[in-house]
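# Structural characterization, general
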Amino acid sequence: MGYRSEVGYAVRLSKNHEHDDQLMEQLKANEINLDDLWGMFIAEVKVSCKEALRWKQIKVDNQQRWLAYREGGVKWYADFEDVQAHEKILDIAEEYNQRYSDDYNLPELFDIAFVRIGEDPEDVDYKHRGEGYDMFYPVTVLEGEFMSDGTLNGEIL
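For the structure given in this document, a descriptive report is provided here.

## Comments concerning the environment of Ala85
For Ala85, the location among the structural elements is in helix H4 (residues 81-104). Relative accessible area serves as the criterion here: at 7%, Ala85 is assigned to the buried category. With 33 residues separating them in the primary sequence, Ala85 and Ala52 have C-alpha atoms 5.1 Å apart. The residues contacting Ala85, other than those within four sequence positions of it, are Cys49, Glu51 and Ala52.

Below, the structure written as structure tokens:
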């Protein structure tokens, strides 16, 4: 069966940027349109990451400019082609951040979050860029409760 993980990641071209007047002026001065930038990103993902798109599990909202993937029971090995394609999506977003930072002195435009939780409790990978910290959290779940024979009458300390 193999080792399995729960994996989630998301990329968004933040709408928060539209409330930053100085940034919007910089974008306008450099003739950068956020909707066009998102369209270029999605087009590049479609061309470069076909293996990740094959199973139709990535959700995209072009209106809100976000992309998200979440799946449980995944064999997430670095040498698997589909895993490499999923990770390439995140790499493309990071490349866009770097390119627009270097070329136009802009802040990170793409928010990125990635979480992988393995079967072992200490096996958790988490990274975020920009404001991506609020998209996924690396949390494990506590399940169950203390069970007694019904005669335990405890008190709050």
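## Some details on the packing of aromatic side chains
Throughout the structure, instances matching the rule amount to 11 aromatic pairs. Here Trp38 and Phe110 contribute two aromatic rings whose centre-to-centre distance is 6.2 Å and whose plane-to-plane angle is 25°, an arrangement assigned as stacked. With Trp38 in helix H2 (residues 34-48) and Phe110 in strand E4 (residues 110-118), this pair connects stretches of sequence that are 72 residues apart. For the pair Trp38 and Phe110, a shared accessibility class is recorded, and that class is buried. Of the aromatic side chains, those joined through ring pairs into one cluster are Trp38, Phe41, Tyr96, Tyr100, Tyr104 and Phe110.

Calculation rules
- Residues numbered from 1 in each chain as written.
- Predicted model: local features only at pLDDT ≥ 70, side-chain atom pairs only at ≥ 80, totals over all residues.
- Heavy atoms only, no water.
- Helix = DSSP H or I, 4+ residues; strand = E, 2+ residues; numbered from the N terminus.
- Buried < 20%, exposed > 50% of the residue type's maximum accessible area, 1.4 Å probe, protein only.
- Contact = heavy atoms within 4.5 Å.
- Phe/Tyr/Trp six-rings, centres within 6.5 Å; stacked < 30°, edge-to-face > 60°.

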